[in-house]
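Summary of structural features
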Amino acid sequence: YKQYMQNDTALYRLRNHPLPLTDLGILLSRIFLTLFTAFFVLIPMTYIPATYLTFVQEERVVKAKDVQLSSGVSPAAYWLSNFVWDYTKYLVVATSVFALFSAH
C-alpha cells in the first residue's frame with residue numbers, strides 16, 4: 001500500500017465488531033459445550049471400575065486372599081470389606097463430580 005500510494009506514513013487499522021449470536025447460535029454453542037463436558041467427564045469415569053478390580057487381582061496373584069481365609073477371616077467378611085472399600089472410593093469420586101457440577 002505504501003509503495004503504490006507513495007506515502008511512507010500510511011497505516012493499517014483493523015476494527016472487528018462481531019455480530020451478536022443468534023438464538024440458534026446460542027443453542028448450538030450450549031449443546032456443544034454440554035456434549036464436550038459430558039465427553040470429558042464420562043470417559044475418565046470409565047476407569048473407576050478398573051481400579052476396583054486391580055486390588056482383587058493383585059490379591060489373587062500374591063495369594064493374599066488365601067492367607068486371609070486360612071487365618072480365619074470368613075469369606076463374607078472378606079467380600080464385605082472389599083465392597084465397603086470400593087464403595088468408599090466410589091463415594092469420594094461421585095461426591096467430587098457432583099460438587100464440580102454444582103459449582104459449574
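Refer to the structure above for everything that follows.
Residues numbered from 1 in each chain as written. Predicted model: local features only at pLDDT ≥ 70, side-chain atom pairs only at ≥ 80, totals over all residues. Heavy atoms only, no water.

Observations concerning the overall build of the protein chain
Counting secondary structure elements, the protein chain contains five helices and zero strands. Ordered by position from N to C terminus, the α and β elements of the protein chain give α-α-α-α-α. Here the C-alpha radius of gyration of the protein chain, 30 Å, is well above what a compact globule of 104 residues would show, namely 13 Å. With the C-alpha coordinates aligned to their principal axes, the bounding extent of the protein chain is approximately 95 × 35 × 20 Å. Across the 104 residues that make up the protein chain, the buried fraction comes to 11%. Carbon and sulfur atoms provide 69% of the accessible area of the protein chain, an area that totals close to 9,600 Å². Averaging the coordinates of the 8 positive side-chain charges in the protein chain and doing the same for the 6 negative ones gives two points 10 Å apart. (Helix = DSSP H or I, 4+ residues; strand = E, 2+ residues; numbered from the N terminus. Rg over C-alpha atoms; globule rule 2.2 N^0.38 Å. Buried < 20%, exposed > 50% of the residue type's maximum accessible area, 1.4 Å probe, protein only. Areas by Shrake-Rupley, 256 points an atom, 1.4 Å probe, with all protein chains shown as cover. Lys, Arg positive; Asp, Glu negative; His and termini not counted. Charge placed at Lys NZ, Arg CZ, Asp CG, Glu CD.)

Brief notes about a nonpolar patch on the surface
A cluster of nonpolar side chains, F32, L33, F36, F39, F40, I43 and Y47, forms an exposed patch at the surface whose accessible area comes to about 800 Å². Assignment of secondary structure puts F32 in helix α2 (residues 23–45). Since its relative accessible area comes to 54%, F32 is described here as exposed. (Patch = residues over 30% accessible without salt bridge, like charges linked within 9 Å, V, L, I, M, F, W, Y side chains within 5 Å. Salt bridge = Lys/Arg side-chain N within 4 Å of Asp/Glu carboxyl O.)

Brief notes about helix α3 (residues 48–61)
An ideal rise of 1.5 Å per residue puts 20 Å on 14 residues; α3 measures up with 21 Å between its terminal C-alpha atoms. Along α3, the positions that sit buried rather than exposed are I48, Y52 and E59. Down the axis, α3 shows its buried residues gathered within 70° of arc, on one side only. Seen from the open side of α3, the exposed residues pointing more than 90 degrees away from its buried face are L53, E58, R60 and V61. Residues of α3 that are buried sit in contact with α2, α4 (64–70) and α5 (75–103). Backbone geometry just after α3 places K63 at a positive phi near 60°. (Expected span 1.5 Å × (residues − 1). Arc of directions from axis to C-beta. Contact = heavy atoms within 4.5 Å.)

Thoughts on unusual backbone geometry
Even without being glycine, K63 reaches a positive phi, approximately 60°. Tracing the backbone through its elements, the reader meets K63 in the loop between α3 and α4. Here K63 falls in the partly exposed class, since its relative accessible area comes to 48%.

A few points about the packing of α2 against α5
In contact at an axis separation of 12 Å, α2 and α5 are set at 170° when each is read in the N-to-C sense. Classified by the angle their axes make, α2 and α5 are roughly antiparallel. Where α2 abuts α5, its residues T37, V41 and M45 lie against V93, V97 and F101. (Axes fitted to C-alpha atoms, helices over the stretch in contact; angles between N-to-C directions. Parallel < 35°, antiparallel > 145°, perpendicular 65-115°, else oblique.)

Section: the packing of aromatic side chains
Where two aromatic rings form a pair, the distance of their centres and the angle of their planes describe that pair. Scanning all chains against the criterion turns up four aromatic pairs. Between Y78 and W79 the ring centres are 4.9 Å apart and the planes differ by 80°, which places this aromatic pair in the edge-to-face class. You can call Y78 buried: its relative accessible area is 3%. Accessibility expressed as a relative area gives 42% for W79, which makes it partly exposed. (Phe/Tyr/Trp six-rings, centres within 6.5 Å; stacked < 30°, edge-to-face > 60°.)

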